[in-house]
Amino acid sequence: KWRSYPNVGAIQFDKCRGALPPDVADTLAIDIADFRTVEGVDAIKGNLTQVVDKYNKEQAAERSDPMGPLVTLMRRLAFLHPLSDSNGRSRLLLLQLELRRKGIAGGTVRYNNKKDLYFETAESFHRKVEEGIAAYKRAAEG
């Protein structure tokens, strides 16, 4: 079911912006700006299509960091917050699927795939995904 309320990512960010380091807050404000006022099912669907199209173009480009477009996709989906429920679980499922499909890793184990994404930079999230991949590998080796 599509979200029928104001953008939660923007609301959460606004509540906590003052507690963030200024450089992080400024970076996040730019990142979330494209999704701040997206409301209504048609606008959400249109933005979701744009997010997926950008991801497909970015991943098709030759890159030294194959996980970069995936990290960007996860952040954009968090900032768009298209669903009324299960946004974090949906992103986590998509993350696992894409890591396997792209041959990056068998999966990732993360302690939190919810609101922390609203407050960390792309670089920070990238490191957390890498840590989760390492944890997955350790667990799989058992």
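Remember, it's a predicted structure, so these values are computed and weren't measured experimentally.

### Quick word on the overall build of the chain
Each helix and strand in the chain was counted, giving 6 helices and 0 strands. Ordered by position in the sequence, the α and β elements of the chain form the string α-α-α-α-α-α. The C-alpha atoms of the chain give 15 Å as radius of gyration, which agrees with the globular expectation for 142 residues (14 Å, within 12%). Summarising its shape, the C-alpha atoms of the chain cover approximately 45 × 35 × 30 Å along the three principal directions. In the chain, which comprises 142 residues, the share counted as buried stands at 41%. Across the chain, the fraction of contacts at a sequence separation of at least 24, relative to all contacts at a separation of at least 6, is 66%. Accessible area for the chain stands at about 7900 Å²; split by element, carbon and sulfur atoms hold 54% of it. One finds the centroid of the 23 positive side-chain charges in the chain at a distance of 5 Å from the centroid of its 19 negative side-chain charges.

### Thoughts on the nonpolar core
If you look at the biggest cluster of nonpolar residues, it comprises 30 residues, and the most contacted ones within it are Leu70, Leu73 and Met74. Of all the elements in the fold, those that place two or more residues in this core are α1 (8-16), α2 (22-33), α3 (41-60), α4 (68-80), α5 (87-101) and α6 (122-141). When residues of this core are assigned to their parent elements, the largest contribution, 8 residues, is made by α4. Setting aside residues up to four positions removed in sequence, Met74 forms contacts with Arg91, Leu94, Leu95, Leu117 and Phe125.

### Remarks on α4
With 13 residues, α4 should cover 18 Å at 1.5 Å per step; its first-to-last C-alpha distance of 18 Å lies within 8% of that length. Judged by how many residues are buried, α4 sits mostly within the fold: 12 of 13 residues are covered. Among the residues of α4, those classed as buried are Gly68, Pro69, Leu70, Val71, Leu73, Met74, Arg75, Arg76, Leu77, Ala78, Phe79 and Leu80. Considering only its buried residues, α4 is in contact with α2, α3, α5 and α6. Positive phi appears at His81, one or two residues downstream of α4, with a value of about 50 degrees.

So, how was this worked out
- Residue positions within a chain follow its written sequence, with the count starting from 1.
- For a predicted model such as this one, the threshold for reporting local features is a pLDDT of at least 70, and the threshold for listing and counting side-chain atom pairs is 80 or more; totals across whole chains, interfaces and linings nevertheless cover every residue.
- Side-chain descriptors were evaluated using all non-hydrogen atoms of the structure, hydrogens and water having been removed beforehand.
- What counts as a helix is a DSSP run of H or I of at least four residues, what counts as a strand is a run of E of at least two, and both are numbered from the N terminus.
- Computation of the radius of gyration draws on C-alpha atoms alone. For the globule rule, the value is 2.2 Å times the number of residues to the power 0.38.
- Only protein chains enter the accessibility calculation, which uses a 1.4 Å probe; a residue whose area is less than 20% of its type maximum is buried, one above 50% is exposed, and one in between is partly exposed.
- Contacts: residue pairs with any heavy atoms within 4.5 Å of one another.
- In these tables, accessible area is a Shrake-Rupley quantity obtained with a 1.4 Å probe, and a residue counts as shielded only by the protein chains included in the view.
- Positive charges are assigned to Lys and Arg, negative charges to Asp and Glu, while His and the chain termini are left out of the count.
- By convention, the charge on Lys lies at NZ, on Arg at CZ, on Asp at CG and on Glu at CD.
- Among buried residues, those of type Ala, Val, Leu, Ile, Met, Phe, Trp, Tyr and Cys that are joined through side-chain atoms within 4.5 Å constitute a nonpolar core.
- Multiplying 1.5 Å by the residue count of a helix minus one yields the expected span of that helix.

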